[in-house]
Amino acid sequence: MSSDIPAVSSPEADRRIAKLQRHLQEAGTDGALILQKADLFYFSGTIQDACLYVPAEGAPLFMPRKHTRRACAESVLPCSAPLARTRMIPDILQEHGMNVPRRLGMELDVLPAGLFLSFQKIFPDAEIVDVSPLIRMVRSVKSPFEVDVMAEAARRADQVFAAVSDLLREGMPEVELAGQVEALRS
């Protein structure tokens, strides 16, 4: 069993970002700052420590904070600027020809209060709004790519469950079974 499920492709990420941008425009939000790992992976293809700014119009800015080389290699988006400090985001936006948002969307359903307060200081003139529902709307409709990945994951899960009945024996420690199941991947 091979373990390589396809990563997010560039056209897939572009499609996802375009859908989010349409929702941002409809909501009157200037842009969204994506921080949560799951959403970061969904839109960029990496879970490395990074910020992704998706403007309502135009190209997104992928700003890795740590492990910059790895983040840039994993992401299907171009690396716009390494981010040494979060407070640099407004300057980076302006360096890339973008206005500092007056209405900034963030994932307020998962953003810790301390981070929210620090972003209020970083963007003192911006109204910070919750774009979590918009992101969920984008993620709720599956593309053919996503359906194929889910079908492949289900097929592989079926293979594992079928193999477990042949491997399992009475008195076997769970760790031994886990090791044998893991060995099926190679």
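What this report covers is the structure whose coordinates are included nearby. (Residues numbered from 1 in each chain as written. Predicted model: local features only at pLDDT ≥ 70, side-chain atom pairs only at ≥ 80, totals over all residues. Heavy atoms only, no water.)

1. Looking at the sheet that holds strand S5 (residues 127-130)
Strand pairing in a sheet relies on backbone hydrogen bonds, with the paired strands running either antiparallel or parallel.
At step 1: Pairing in this open sheet of five strands is mixed, and the strands run S3-S2-S1-S4-S5 from one edge to the other. Edge positions in the open sheet fall to strand S3 (61-64) and S5, since each of these has one partner strand only. Neighbour-to-neighbour, the strand axes of this sheet turn through a mean angle of 25°, independent of strand direction.
At step 2: Pairing of strand S4 (residues 103-106) with S5, which is carried by four bridges, proceeds in the parallel orientation. Residue pairing across strands places Leu104 opposite Ile128, the latter belonging to S5. (Pairing = 2+ DSSP bridges. Helix = DSSP H or I, 4+ residues; strand = E, 2+ residues; numbered from the N terminus. Axes fitted to C-alpha atoms, helices over the stretch in contact; angles between N-to-C directions.)

2. Some words on unusual backbone geometry
At step 1: Positive phi values are uncommon outside glycine, yet His67 reaches one of about 45°.
At step 2: Tracing the chain through its elements places His67 in the loop between S3 and helix H3 (68-74).
At step 3: The exposed category is assigned to His67, whose relative accessible area is 57%. (Buried < 20%, exposed > 50% of the residue type's maximum accessible area, 1.4 Å probe, protein only.)

3. A few points about the pairing of strand S1 (residues 31-34)
At step 1: With burial as the criterion, each face of S1 is covered, one bearing Gly31 and Leu33 and the other bearing Ala32 and Ile34.
At step 2: Both S1 and strand S2 (residues 50-55) contribute to a ladder of four bridges, which runs antiparallel. Looking across to S2, one finds that Ala32 is bridged to Val54.
At step 3: The pairing of S1 with S4 spans three bridges and is parallel. Residue Gly31 lies in a different strand from S4, and its bridge partner there is Leu104.

Spatial relationships are all this shows, so hold off on functional conclusions.
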